[in-house]
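Listed below are the residues making up each chain.
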Amino acid sequence: MTLTMSIPALLFPAISLTMLAYNARYLAIAALIRQLHNEYLTSRSKNTVLQIKNLRKRLWLIRNMQAIAIISFLTSVITMFLLYVEKISLANVIFGISLFSLMISLFLSFIEVQISTKALAIRLDTIEENT
């Protein structure tokens, strides 16, 4: 396959939308942490502590998801530059790194979704305990 400028350019909207989704997750978790902080100060329940631990893992994942997505975006731009200066073989390698980075970011996103599902289960347990 011949790598052209349009191929790495196709990643731009995908990575941009991915970053928007990651940022939305981050903002939602930040709001939840603030809410849980107040909840923890009033009643230091085991459930709240479990949720806080869960959110710490999710924050770590989201930070790394964002960082790796940025690396993917940057390597796509570098690929386009290398194609512009006609360094085709290096451009192929860098583009491979870009795709691999995007895959890692998406895999971390998958893990974060699994953890957030567990967080909802913890919340549901709280509701069931109070009924």
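It should be noted that the structure appears before, not after, this text.
Residues numbered from 1 in each chain as written. Predicted model: local features only at pLDDT ≥ 70, side-chain atom pairs only at ≥ 80, totals over all residues. Heavy atoms only, no water.

## Section: the nonpolar core
Residues Tyr 22, Ile 29, Leu 36, Leu 55, Leu 61, Ile 62, Met 65, Ile 68, Ala 69, Leu 108 and Ile 115 constitute the largest nonpolar core, which totals 11 residues. Top element by residues in this core is helix α3 (residues 46-84). It accounts for six residues. Here Leu 55 is in contact with Ile 29, Leu 32, Ile 33 and Leu 36, once residues within four sequence places are set aside. Counting nine residues, the second-largest nonpolar core is a separate cluster that includes Leu 3, Leu 11, Ile 15 and Phe 95. (Core = buried A, V, L, I, M, F, W, Y, C linked by side-chain atoms within 4.5 Å. Buried < 20%, exposed > 50% of the residue type's maximum accessible area, 1.4 Å probe, protein only. Helix = DSSP H or I, 4+ residues; strand = E, 2+ residues; numbered from the N terminus. Contact = heavy atoms within 4.5 Å.)

## Considering unusual backbone geometry
Backbone geometry at Glu 86 places phi at a positive 60°, although glycine is not the residue there. The residue Glu 86 is located in the loop between α3 and α4 (88-129) in this model.

## With respect to the packing of helix α2 (residues 11-42) against α4
Relative orientation of the contacting elements α2 and α4 amounts to 30°, with a least axis distance of 12 Å. Our classification of the angle between α2 and α4 gives roughly parallel. Crossing of α2 over α4 shows left-handed handedness. Taking contact as the criterion, the partners of Leu 11, Ile 15, Thr 18, Tyr 22, Arg 25, Ile 29, Gln 35 and Glu 39 in α2 are, on α4, Phe 95, Ser 98, Leu 99, Leu 102, Ser 105, Leu 106, Ser 109, Glu 112, Val 113 and Arg 123. Residues of the contact of α2 with α4, tallied by class, amount to nine nonpolar, five polar and four charged. (Axes fitted to C-alpha atoms, helices over the stretch in contact; angles between N-to-C directions. Parallel < 35°, antiparallel > 145°, perpendicular 65-115°, else oblique. Left-handed = near helix turned anticlockwise from the far one by under 90°. Nonpolar A, V, L, I, M, F, W, Y, C, P; charged D, E, K, R; others polar.)

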